[in-house]
Amino acid sequence: DFASGRGTPNKGRSFRMLVEGSPGIGKTTFCLKLAYDWAKQNSGAPFSFPEFELVLLLRCRDIDGKLIDAIPEKLFPKDVKKKTKMELRNFINNNQKRTLIILDGLDELPKKSNCYVYDFLKGNILRGCNALVTARQEKGIEAREKFVFDACLEIRGFCEDRAIEYIRKHFKNLVPEQSSKG
């Protein structure tokens, strides 16, 4: 379940969204699902997704230095030509309004990368790109004080009844039924 936070999209500039949640509640799974659904939509699957030309999913803990350098580093194998990396950078720069950068785990961002990611979230670099950022609640509170988000969501998880229903439904074929012999 999601609890909606404040904010409305600001016309004419990029959209910034913060998604908060407890450890293990599903923030990373949510990011993976968004990226997967976007990729499936582009491959012809019948799914309605905002019209992004490019969706980039980066785990904050893997960002080692500048955000703009982390993008090709994490998306391409090490032996990819420099020209290909520059083409990606140029594409992002020329299509910022149609680019979504998902930063998963702001609370796991290495300290040496803080200023570079913070520059992005403040709109100092790649200001036209849209952003979805996930964080644990403590870091989310801090992020809301430092940056302007158009929407803030909280992943709360299942209530007890729905959790039991989900577990039974999802795992019914994995657990052998108990015999009525006693």
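Quick caveat: nothing in here was measured; it's all calculated off a predicted structure.

Basis of the calculations
- Residues numbered from 1 in each chain as written.
- Predicted model: local features only at pLDDT ≥ 70, side-chain atom pairs only at ≥ 80, totals over all residues.
- Heavy atoms only, no water.
- Helix = DSSP H or I, 4+ residues; strand = E, 2+ residues; numbered from the N terminus.
- Buried < 20%, exposed > 50% of the residue type's maximum accessible area, 1.4 Å probe, protein only.
- Contact = heavy atoms within 4.5 Å.
- Areas by Shrake-Rupley, 256 points an atom, 1.4 Å probe, with all protein chains shown as cover.
- Patch = residues over 30% accessible without salt bridge, like charges linked within 9 Å, V, L, I, M, F, W, Y side chains within 5 Å.
- Salt bridge = Lys/Arg side-chain N within 4 Å of Asp/Glu carboxyl O.
- Polar contact = N/O pair within 3.5 Å; in protein donor to acceptor, adjacent residues only side chain to side chain.
- Core = buried A, V, L, I, M, F, W, Y, C linked by side-chain atoms within 4.5 Å.
- Axes fitted to C-alpha atoms, helices over the stretch in contact; angles between N-to-C directions.
- Parallel < 35°, antiparallel > 145°, perpendicular 65-115°, else oblique.
- Left-handed = near helix turned anticlockwise from the far one by under 90°.
- Nonpolar A, V, L, I, M, F, W, Y, C, P; charged D, E, K, R; others polar.

Our focus in this paragraph is the overall build of the chain. Helix and strand content of the chain: six helices and six strands. When its helices and strands are written in sequence order, the chain yields β-β-α-β-α-α-β-α-β-α-β-α. Going through the 182 residues of the chain one by one, you find that 37% of them count as buried. Considering only residue pairs separated by 6 or more positions, the chain has 78% of its internal contacts joining residues 24 or more positions apart. About 11700 Å² of surface is accessible on the chain, with carbon and sulfur atoms providing 51% of the total.

A word on a nonpolar patch on the surface. Where nonpolar side chains cluster on the molecular surface, the patch consists of Phe158, Tyr166, Ile167 and Phe171 and spans about 390 Å² of accessible area. Note on placement: phenylalanine 158 falls in the loop between strand 6 (151-155) and helix 6 (160-171). On the accessibility criterion, phenylalanine 158 (44% relative accessible area) is partly exposed.

This part takes up the pattern of salt bridges. This model, assessed by the stated rule, comprises eleven salt bridges. Close ionic contact of glutamate 108 with arginine 61 constitutes a salt bridge, the shortest N to O distance being 3.3 Å. In this pair, glutamate 108 is assigned in the loop between strand 4 (99-104) and helix 4 (114-122) and arginine 61 in the loop between strand 3 (54-59) and helix 2 (67-75), connecting sequence segments 47 residues apart. Given a relative accessible area of 45%, arginine 61 falls into the partly exposed group. Close ionic contact of aspartate 64 with lysine 112 constitutes a salt bridge, the shortest N to O distance being 2.6 Å. With aspartate 64 in the loop between strand 3 and helix 2 and lysine 112 in the loop between strand 4 and helix 4, the pair connects residues that are 48 residues apart, well separated along the chain. Residue aspartate 64 is classed as partly exposed on the basis of its relative accessible area, which comes to 47%. A residue is classified by how much of its surface remains accessible, and lysine 112, at 54% relative accessible area, is exposed. One continuous salt-bridge network, built from bridges that share partners, spans Lys139, Glu142 and Lys146.

All right, on to the side chain of asparagine 130 then. Locating asparagine 130 in the fold gives a position in strand 5 (residues 130-135). For asparagine 130, a relative accessible area of 9% gives the class buried. At a separation of 3.0 Å, a polar atom in the side chain of asparagine 130 contacts the main-chain carbonyl oxygen of lysine 97.

Take the nonpolar core next. Formed by 28 residues in total, the largest nonpolar core has its most connected members in Ile63, Ile92, Ile101, Leu103, Leu106, Phe120 and Leu121. Those elements giving two or more residues to this core turn out to be strand 3, helix 2, helix 3 (82-94), strand 4, helix 4 and strand 5. Residue contributions to this core peak at four residues, all from helix 4. For leucine 103, the contacting residues outside a window of four places in its chain are Leu58, Cys60, Ile63, Leu67, Val117, Phe120, Leu121, Leu132, Val133 and Thr134. Leu34, Phe52, Leu132 and Ile155 belong to the second-largest nonpolar core, a separate cluster that totals 14 residues.

Moving on: the packing of helix 2 against helix 3. For the pair helix 2 and helix 3, the least separation of the axes is 10 Å and the interaxial angle reads 125°. Here helix 2 lies oblique to helix 3, going by the angle between them. For the crossing formed where helix 2 meets helix 3, the hand is right-handed. In contact with Ile68, Asp69, Ile71, Pro72 and Leu75 of helix 2, helix 3 contributes Lys85, Leu88, Arg89 and Ile92. Here the residues of the contact of helix 2 with helix 3 sort into six nonpolar, no polar and three charged.

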